[in-house]
Every structure is written in C-alpha cells, then in structure tokens.
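In case you want the letters, here they are:
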Amino acid sequence: MAKSTRAKKWLKRLFVWLPLGFCLISIGQVLLLRWVDPPASSFMAIRQVSGWLDDGIDYRIDYRWRDLTAVSAQLPIAVVASEDQRFPHHHGFDFESMQKAFQSNRNGRKVRGGSTISQQLAKNLFLWSGRSYVRKALEAWYTVWIEMLWPKRRILEVYVNVVEFGDGVYGAEAASRRFFGKPAKSLNRTQAARLAAVLPNPKRYSAADPGPYVQRRTRAIERQIRRLGGPGYLDACCAR
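Residues numbered from 1 in each chain as written. Predicted model: local features only at pLDDT ≥ 70, side-chain atom pairs only at ≥ 80, totals over all residues. Heavy atoms only, no water.

A. Spotlight on the overall build of the chain. The number of helices and strands found in the chain is 11 helices and 3 strands. Along the chain direction, N to C, the helices and strands of the chain fall in the order α-α-β-α-α-α-α-α-β-β-α-α-α-α. A buried classification covers 44% of the 240 residues belonging to the chain. On the chain, roughly 13,200 Å² of surface is accessible, and the fraction owed to carbon and sulfur atoms is 57%. (Helix = DSSP H or I, 4+ residues; strand = E, 2+ residues; numbered from the N terminus. Buried < 20%, exposed > 50% of the residue type's maximum accessible area, 1.4 Å probe, protein only. Areas by Shrake-Rupley, 256 points an atom, 1.4 Å probe, with all protein chains shown as cover.)

Structure follows, in structure tokens:
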C-alpha cells in the first residue's frame, strides 16, 4: 500500500513538473534566440539525420548566417509579398487568411494554407513537418512567444536565414551564392522574388532553373511587391 501511495504521488508530481518544465524550456529557447543567432534549426537537423538513415551518407547542409543589414531589402519584402502580406499588422496569426483558406479548401479548390511567417518560423526553427494536431498546437505555442518576445525585424531576420530555398540550402546567403553566384546583399527584385517563389516546395522547384510555375509565381510576387509599395512597406515594423 505504501509503495502504491508513493507511486501515485510521484506520478502526480510528474504530471505537474513535465508541463511546467516544457513551458520554461520552450520560453527560454525563444528568449535566447532573440539575441543569439541560431546555429541550426530543427528542420536542418532532421534533414541531416534522414540523410544518414535513408541514404547512408553524410548529408551536407549549406547554411550561412547573415544579419538583415547584409541581406538585400528586396528579399524580406519578397517573402512577405509571397507568404504573409499582412505580416506588419498581425500578432502571429492572420485569422482573415485562415478563413479564406478554410473556405477555399472546403469548396474543393486547390488546397491552400493560412500560416503566417511567424508560424512557419516556429515550425522550421523548433519543430518538424506534418499536419498532426500536436504539431499544430506546439506551433501555435511557439508562435505566441516569438511574437511576444521578438520584434518583427528579428522575426524576418531569422526567417530569411533558416528557411529552405533549395534541397539542403538554407537561408538567403547560401541560396544567393548557390543559385546566383552573388552575396545576399546584391540580390535584385527579380532574384529575390524567384527565391520566394520556390518556398512552397524548395525540393521540387528550382530558383536556379525556374520552370513555368516558378516564372509565373515570380512575376506575381513582383506585382504584389509593387502593390505593397516595395521595401518601404516594412519600414514601420522592421526599420533597419
């Protein structure tokens, strides 16, 4: 009886301390990365491990951090125009876009998502791909704390550095060097739009050798950049 009572007390403590420990650790992760540039992301780690397990090779990740001041102003506005046009105005969740995505999917049209850049960053930096409710709940949790603890400028800075622009090619500098042979600081509007155009599926689409979809998507992003007013659209929330 005494052993059973002790076991129950231990389980009760476990159920209290495990969630509390997760909360403290996850908030600490987000707070630390407000000032410390991430050496890698969970997506990079998963990609490298899957390379070892599936292919039996030492899979090389191309990742080169650059501060936002060392990235062309054309790239942040390109990813905002492509992925999250209300980025300066929401607090991590764009409920208007979510509603449009829900209606589009329910009506049987092409499946579309309503994820913001902040949500995508939470997933890329801390989590894994997939559509499980657990993953989505964790994504929402991290998104809330990213938006609470980071300025918008930092969110964009980390996003353009850790997002995948090609198979194993992460971030603006690595992508710009690999696909255009120039530093990220020198990207022009079309090149930045082309990088943003491949983001739905960087393993399928190529910024270096764009097919018809990427070419159409690039032109659409350039039009949207002009409608938003160019890089100045981000000045209010992300001034350099």
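B. Just the nonpolar core, in detail. Among the nonpolar cores identified, the biggest contains 57 residues, and Leu-75, Val-79, Leu-121, Trp-150 and Leu-195 are the most heavily contacted of them. Where this core is concerned, the elements lending two or more residues are helix 3 (74–83), helix 5 (117–126), helix 6 (133–149), helix 7 (152–162), strand 3 (169–170), helix 8 (172–180), helix 9 (189–197) and helix 10 (212–228). (Core = buried A, V, L, I, M, F, W, Y, C linked by side-chain atoms within 4.5 Å.)

C. Region of the structure containing the packing of aromatic side chains. Enumeration according to the criterion identifies 4 aromatic pairs in this entry. Measuring from centroid to centroid gives 4.4 Å for Phe-126 and Tyr-142, while their planes differ by 10°, and the two rings are stacked. Linking Phe-126 in helix 5 with Tyr-142 in helix 6, this pair joins segments that are 16 residues apart in sequence. In this structure Tyr-142 comes out as buried when scored by relative accessible area, which is 5%. On the numbers, 5.8 Å between centres and 65° between planes, the contact of Trp-141 with Trp-145 is edge-to-face. With a gap of 4 residues between them, Trp-141 and Trp-145 both fall in helix 6, about one helical turn apart. Residue classification places Trp-141 among the partly exposed residues on the basis of a relative accessible area of 27%. Here the aromatic residues Phe-22, Trp-141 and Trp-145 are joined through ring pairs into a cluster of three or more. The positively charged end of Lys-152 is found above the aromatic ring belonging to Phe-87, 4.4 Å away from the centroid. (Phe/Tyr/Trp six-rings, centres within 6.5 Å; stacked < 30°, edge-to-face > 60°. Lys NZ or Arg CZ within 6 Å of the ring centre and 35° of its normal.)

D. Structural detail: a nonpolar patch on the surface. There is a patch of nonpolar side chains on the surface, built from Leu-31, Leu-32, Trp-35 and Val-36 and spanning about 410 Å² of accessible area. Along the polypeptide, Trp-35 turns up in the loop between helix 1 (2–32) and helix 2 (42–55). Looking at Trp-35, the relative accessible area reads 61%, which means it is exposed. (Patch = residues over 30% accessible without salt bridge, like charges linked within 9 Å, V, L, I, M, F, W, Y side chains within 5 Å. Salt bridge = Lys/Arg side-chain N within 4 Å of Asp/Glu carboxyl O.)

E. Layout of the environment of Ile-117. Note that Ile-117 resides in helix 5. We classify Ile-117 as buried; its relative accessible area is 0%. On a C-alpha basis, the gap between Ile-117 and Thr-143 in space is 9.5 Å, while along the polypeptide they are 26 residues apart. Among all residues touching Ile-117, those that are not within four sequence positions of it are Val-79, Val-80, Glu-83, Asp-84, Phe-87, Ile-155, Leu-156 and Tyr-159. (Contact = heavy atoms within 4.5 Å.)

Note that every value here comes from positions in space, so none of it alone points to a role or purpose.
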